[in-house]
Amino acid sequence: MATIFCTATSLDGYIADDEESLSWLFATSGDADPAGYTPTEPDPSLPDLHFDRFYAGVGSIVCGINTFEWVRRDLTKDGTPFVWPYTEPSWIVTHRDPAPVEGVEFFSGDVTDLHPLLVDAADGKDVWIVGGGDLAGQFADHGLLDQVWVHQCPVVLGSGRPLLPRRLRLHRQKIETHGQFTAMLFDVVGPEPRVST
Ligand SMILES: NC(=O)c1ccc[n+]([C@@H]2O[C@H](COP(=O)([O-])OP(=O)(O)OC[C@H]3O[C@@H](n4cnc5c(N)ncnc54)[C@H](OP(=O)(O)O)[C@@H]3O)[C@@H](O)[C@H]2O)c1
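Conventions adopted
Residues numbered from 1 in each chain as written. Predicted model: local features only at pLDDT ≥ 70, side-chain atom pairs only at ≥ 80, totals over all residues. Heavy atoms only, no water. Helix = DSSP H or I, 4+ residues; strand = E, 2+ residues; numbered from the N terminus. Rg over C-alpha atoms; globule rule 2.2 N^0.38 Å. Buried < 20%, exposed > 50% of the residue type's maximum accessible area, 1.4 Å probe, protein only. Contact = heavy atoms within 4.5 Å. Core = buried A, V, L, I, M, F, W, Y, C linked by side-chain atoms within 4.5 Å. Pairing = 2+ DSSP bridges. Axes fitted to C-alpha atoms, helices over the stretch in contact; angles between N-to-C directions. Near = heavy atom within 4 Å. Polar contact = N/O pair within 3.5 Å; in protein donor to acceptor, adjacent residues only side chain to side chain. Areas by Shrake-Rupley, 256 points an atom, 1.4 Å probe, with all protein chains shown as cover. 1 Å grid on protein atoms, 1.4 Å probe; cavity = no way out; pocket = protein on both sides within 12 Å on 5 of 7 lines; lining within 4 Å. Sits in = over half its atoms within 2 Å of the grid points. pLDDT = per-residue confidence, 0-100. Salt bridge = Lys/Arg side-chain N within 4 Å of Asp/Glu carboxyl O.

### Overview of the overall build of the protein
Alright, step 1. Secondary structure summary: the protein contains five helices and 10 strands in total.
Alright, step 2. In terms of overall dimensions, the protein is globule-like: its C-alpha atoms have a radius of gyration of 16 Å, near the 16 Å expected for 197 residues.
Alright, step 3. Overall size of the protein, expressed as C-alpha extent along the three principal axes, is 50 × 35 × 35 Å.
Alright, step 4. The proportion of buried residues among the 197 residues of the protein is 45%.
Alright, step 5. For the protein, restricting intrachain contacts to residue pairs at least 6 apart in sequence, the fraction spanning at least 24 positions comes to 71%.

What follows is the structure in structure tokens.
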């Protein structure tokens, strides 16, 4: 069981552009579907870092309120009533007081209080931090982020929502290419020291 930040990113390290759009992600061709909201059984022929393989190991989910609202906007843009697309126990972190949504719990506070709930709910499987980057950073601040799994798109955006706004050393475990995506799995080593020169 691991706590994993799995996301798509631009080459210059943004997970959403400065209008919170993911059009650049959906315009990238590849075998992987990193934004895949449809639970699927992993095909044994899939490459190791395919999103479906990652998702098959997920037991619980956490994301920030902006990510949740993006998902809600995206899934209701054709007038469809909103249904949270994941069946795994899911938490949304926010200081706001949203109306209840079936299938999600809202949480406000220190992620060290949330992490044991996520681990219990995952029941031996992985905890997926969907985003954003600062939320993943909050877990990393307390040594609770084990891995970073990215599907990098060959696009530069110049500005947007940062991938992981911390100084952290990672150790690359594996790299694959899926069409135009570069899939990379890293272990988190720990804080990267500043060395004055
Ligand atoms: N490329 C991808 O695959 C991918 C993946 C995930 C997300 N995204 C996109 O990236 C963007 C992420 O947005 P974002 O960077 O703003 O991050 P976010 O994590 O979705 O939302 C951040 C907000 O969550 C709340 N929050 C964070 N930590 C909290 C805590 N410990 N307790 C209570 N509330 C807390 C705060 O909002 P309040 O104080 O207002 O409650 C904070 O401003 C979205 O547009 C999303 O669609 C892309």
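### Some details on the nonpolar core
Alright, step 1. Residues Phe54, Trp84 and Trp128 are the most contacted members of the largest nonpolar core, which totals 31 residues.
Alright, step 2. Sorting the residues of this core by element identifies strand S1 (3-10), helix H1 (23-26), helix H2 (51-56), strand S3 (58-64), helix H3 (65-76), strand S6 (126-131), strand S7 (147-153) and strand S10 (181-191) as the ones contributing at least two each.
Alright, step 3. Listed in part, the 23 residues of the second largest apolar core include Val93, Ile129, Phe139 and Leu145.

### Overview of the sheet that holds S7
Alright, step 1. Read across the sheet, eight strands follow the order S5-S4-S3-S6-S1-S7-S10-S9 without closing on themselves; strand pairing throughout is mixed. Of all the strands in the sheet, the pair left with one neighbour each is strand S5 (104-107) and strand S9 (168-178). For this sheet the average axis-to-axis angle between neighbouring strands, irrespective of direction, equals 25°.
Alright, step 2. Bridge count for S7 against S10 is six bridges, and the pairing is antiparallel. Bridge assignment links Gln152 to a residue of S10, and that residue is Thr182.
Alright, step 3. In the packing of helix H4 (residues 111-122) onto the sheet, the strands contacted are S1, S3, strand S4 (90-93), S5 and S6, and the crossing angle to S3 comes to about 150°.
Alright, step 4. The strands touched by helix H5 (residues 133-141) within the sheet are S1, S3, S4, S6 and S9, with S6 carrying the most contacts at an inclination of about 140°.

### Considering the site of the ligand
Alright, step 1. Every one of the 23 residues lining the ligand counts as a neighbour, but Glu20, Asn66, Thr94, His95 and Arg161 are closest to it.
Alright, step 2. In this structure, an oxygen atom belonging to the ligand sits 2.7 Å away from a main-chain N or O atom of Gly132.
Alright, step 3. In isolation the ligand exposes 920 Å². Once the protein is present, 84% of that is buried.
Alright, step 4. In this structure the site holding the ligand corresponds to the largest pocket.
Alright, step 5. When residues of the shell around the ligand are traced back to their parent elements, those giving at least two are S1, strand S2 (14-16), H3 and S6.
Alright, step 6. Sort the elements by how many residues they give to the shell around the ligand and H3 lands first, with four residues.

### A short note on the confidence of the model for the protein
Alright, step 1. This prediction gives the protein a mean pLDDT of 93; 94% of its residues lie at or above 70.
Alright, step 2. In this model, residues 32-39 is a region of pLDDT below 50 whose contacts with residues beyond four sequence positions or in other chains number 21 contacts.

### Description of the pattern of salt bridges
Alright, step 1. Within the structure shown, the criterion is met by eight salt bridges.
Alright, step 2. With its nearest N and O atoms 2.8 Å apart, the salt bridge here joins Asp141 to Arg166. Remark: Arg166 occurs in the loop between strand S8 (161-162) and S9 and Asp141 occurs in helix H5; sequence separation between them is 25 residues.
Alright, step 3. For Asp141, a relative accessible area of 47% translates into the label partly exposed.
Alright, step 4. We classify Arg166 as partly exposed; its relative accessible area is 26%.
Alright, step 5. The salt bridge involving Glu192 is made with Arg169; its shortest N-O contact spans 3.0 Å. Residue Glu192 is found in the segment after S10, and its partner Arg169 is found in strand S9; the two are separated by 23 residues along the sequence.
Alright, step 6. On the basis of relative accessibility, which here comes to 26%, the residue Glu192 falls in the partly exposed class.

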